[in-house]
Amino acid sequence: MGATVMTAPKLHDCRDAFTAVLERLGAENPKVVAVCNDSVGSSKLGGFKAKWPDRLVNVGIAEQNLVGVGAGLANGGLLPFVCAAACFLTGRSLEQVKADIAYSNANVKLVGISSGMAYGELGPTHHSIEDFAWMRVLPNLPVIAPCDRIETAAAVEWAAAYQGPVFLRLSRVGMPDLLPEGHVFVPGKANTLRDGDAITLIGNGTLTHRLLKAADLLAAEGIEAKVLNMATVRPLDAEAIVAAARDTGAILTAEEHSTFGGLGSAIAEVVVAEAPVPMKILGVPGVFAPTGSAEFLLDHFGMAPQAIAETAKALIARKPSRV
Amino acid sequence: MHVNDLERVARQIRHRDLQAVFEAGAGHIGGEMSAIDILTALYFNVLRIWPDQPKHPERDRFVLSKGHVALAFYVTLAKRGFFPEEEISTFLKPLSRLNGHPNCTKIPGVETNTGPLGHGLPVAVGMAKAAKLTGAAYHTYVLTGDGEMQEGSNWEAIPAAAQFGLNNLTLIIDHNRFQQGASLAETNNLAPFRPKLEAFGWEVTEINGNAMSEIVPALQKRGPRPQAIVAHTNKGHGISFMQDTVDWHHKVPNAEQYKIALAELSEGL
């Protein structure tokens with residue numbers, strides 16, 4: 001490391017990356033419309049609205065109608081980005097997402113804003129730590145949680161070009177840049193952000209940068225961890241998971257989501273069937289979170305970099321010794 | 001097609017529907033019989049459609065929100081040429097694309113998947129809004145049950161349609177006065193519908209929903225506001241012993257009942 005001066009990396013709100021791409025797409029393609037539930041501000045759609053007031057369809061505080069209207073707009077040949085707080089978009093309108101979007105295979109892009117525990121102190125009603133589970137069981141619906149502004153922009157770009165429904169899960173918590181500028185999003189493909197042979201750390205969204213910090217801490221102790229950013233929860237990169245299990249012999253996952261049914265569960269489904277190795281799933285352990293900010297709560301639930309590193313070491317200790 | 005011809009087509013659709021319910025041993029015959037005149041008027045007179053081009057961008061949109069009467073919809077679509085009429089005999093058979101609720105990814109002419117109630121109207125609002133945004137001339141129709149209007153999602157969509165000025169949207173409520181388990185009046189009585197819809201800014205027309213001469217002009221009606229048709233119908237219409245009783249929501253006639261019903265529906269085919 002030598003004399004490198006460590007400065008805190010600049011943090012970016014991924015919503016800004018989303019709306020920047022949306023506004024560019026909107027300029028290129030008049031079929032792009034934004035649909036929201038009175039969430040012009042929280043979805044950062046003010047710029048889009050200023051440019052194309054008619055193409056900002058605000059249905060008011062009515063999420064079932066929000067998603068149904070999105071399906072109808074797509075049927076009419078438009079390209080709707082349906083934006084709402086992730087907790088309401090998925091929970092309140094789950095059956096509309098199932099029947100009108102996924103089962104009908106409607107070309108609607110569902111954008112869950114302020115996902116995970118981004119609403120922090122507002123409490124579990126506003127946390128969206130069930131959405132991976134609810135969304136990933138639905139056929140036809142790619143589920144994507146980008147790890148930084150660059151991946152967010154790339155995923156929005158990809159979603160607009162893709163014919164079919166997509167669920168994008170965005171945060172409002174500031175995130176450092178992790179992927180290179182110009183990164184091209186490939187659904188169902190994990191990115192190896194760091195190589196190692198002792199264990200594989202897999203996460204997405206707000207957890208990827210925490211995993212990288214944990215890997216730094218492990219490296220300082222001479223433990224080389226592989227880090228995979230797995231933005232796509234469905235379709236899952238089973239190949240990368242199996243390779244990671246075989247190459248490193250242990251897998252630790254972390255997500256801003258319940259430990260029930262999310263990314264870790266999806267990965268475990270692959271690991272147990274294809275390449276069983278010691279594994280641990282970090283997340284919100286099946287409880288309603290107490291009061292606190294998103295960052296506080298992630299730390300509280302054992303996802304501070306130091307705690308992740310400790311969990312990784314305990315998991316490495318469980319690896320069967322090679323004969 | 002003139003009223004007399006439409007009435008004959010409706011009888012043919014009722015006849016085939018009854019046969020298919022009996023053969024499949026399932027269906028929602030009461031609500032199918034109440035809605036068939038409306039479906040016939042739409043598909044054989046009112047809708048601007050091209051059965052050989054089911055995704056034609058200028059097609060009028062029809063959403064069957066009361067998706068449980070899928071069989072009546074299938075018979076109508078097949079008769080209109082969207083898919084072969086012989087296929088009706090596969091209704092509910094293993095791996096048939098004609099299951100109990102319509103699937104737009106498999107059946108030409110179906111616009112969106114319905115089945116859970118209260119889904120069609122929001123989607124129809126989106127379709128009509130899309131036409132407003134793109135300048136498309138198509139009109140959007142959606143058919144709901146009267147019991148279905150108890151779903152809250154409809155009451156999210158109703159003010160939105162008025163707010164968006166969707167005078168290219170027509171909601172038809174199949175007001176047969178019975179839901180699955182009891183009459184509407186005994187359950188959660190939304191009737192009368194007219195004042196509620198008018199209060200939300202819709203224009204309302206009340207008709208006898210089993211009288212072709214009233215259905216066609218109501219469907220063709222246009223105005224400055226979203227249009228609602230409260231179609232007063234009879235559940236089980238056309239089959240004497242099924243009419244206006246809660247018993248025939250999804251009951252299947254036995255052999256003797258089937259014979260009587262078939263005879264009644266065979267008049268004037």
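Residues numbered from 1 in each chain as written. Chains lettered and ligands numbered in written order. Predicted model: local features only at pLDDT ≥ 70, side-chain atom pairs only at ≥ 80, totals over all residues.

## A word on the packing of helix H4 (residues 120-134) of chain B against helix H5 (residues 152-163) of chain B
Residue and element names in this part refer to chain B.
- Interhelical geometry of H4 versus H5 gives an angle of 25° and a closest axis separation of 8 Å. Viewed along their axes, H4 and H5 adopt a mutual orientation that is roughly parallel. Taken as a pair, H4 and H5 cross one another with a handedness that is left-handed. Contact residues: H4 offers Leu 121, Pro 122 and Val 125, while H5 offers Ser 153, Asn 154, Glu 156, Ala 157, Ala 160 and Ala 161. (Axes fitted to C-alpha atoms, helices over the stretch in contact; angles between N-to-C directions. Helix = DSSP H or I, 4+ residues; strand = E, 2+ residues; numbered from the N terminus. Parallel < 35°, antiparallel > 145°, perpendicular 65-115°, else oblique. Left-handed = near helix turned anticlockwise from the far one by under 90°. Contact = placed C-beta atoms within 7 Å.)

## As for the environment of Asn234(B)
Residue and element names in this part refer to chain B.
- Along the chain, the position of Asn 234 falls in the loop between strand S5 (227-232) and helix H9 (255-265).
- Between the alpha carbons of Asn 234 and Asn 208 there is a distance of 9.2 Å; along the sequence they are 26 residues apart.
- Discounting residues that sit within four places of it in the chain, Asn 234 has contacts with Ser 34, Asn 176, Asn 210, Gln 243 and Asp 244.

## Side note on the interface of chain A and chain B
- Each side of the interface is counted separately: chain A has 26 residues, and chain B has 26 residues.
- Considering each element in turn, the side of chain A that touches chain B owes the most residues, 9 residues, to helix H3 (residues 63-75) of chain A.
- The residue makeup of the side of chain A that touches chain B, split by class, is 10 nonpolar, 12 polar and 4 charged. (Nonpolar A, V, L, I, M, F, W, Y, C, P; charged D, E, K, R; others polar.)

## Focus: the domain arrangement of chain A
Residues and elements named next belong to chain A.
- Segmenting chain A into domains produces domain 1 (11-176) and domain 2 (191-317).
- Computed over C-alpha atoms, the centres of domain 1 and domain 2 are 26 Å apart.
- On the side of domain 2, 27 residues touch domain 1, which itself brings 26 residues to the contact.
- Mapped onto the side of domain 1 that touches domain 2, the elements with two or more residues apiece are helix H6 (131-136), strand S6 (143-144), helix H7 (149-161) and strand S8 (175-176).
- When residues of the side of domain 1 that touches domain 2 are assigned to their parent elements, the largest contribution, 3 residues, is made by H6.
- Of the residues belonging to the side of domain 1 that touches domain 2, the class tally is 16 nonpolar, 5 polar and 5 charged. (Domains from an automatic or database assignment.)

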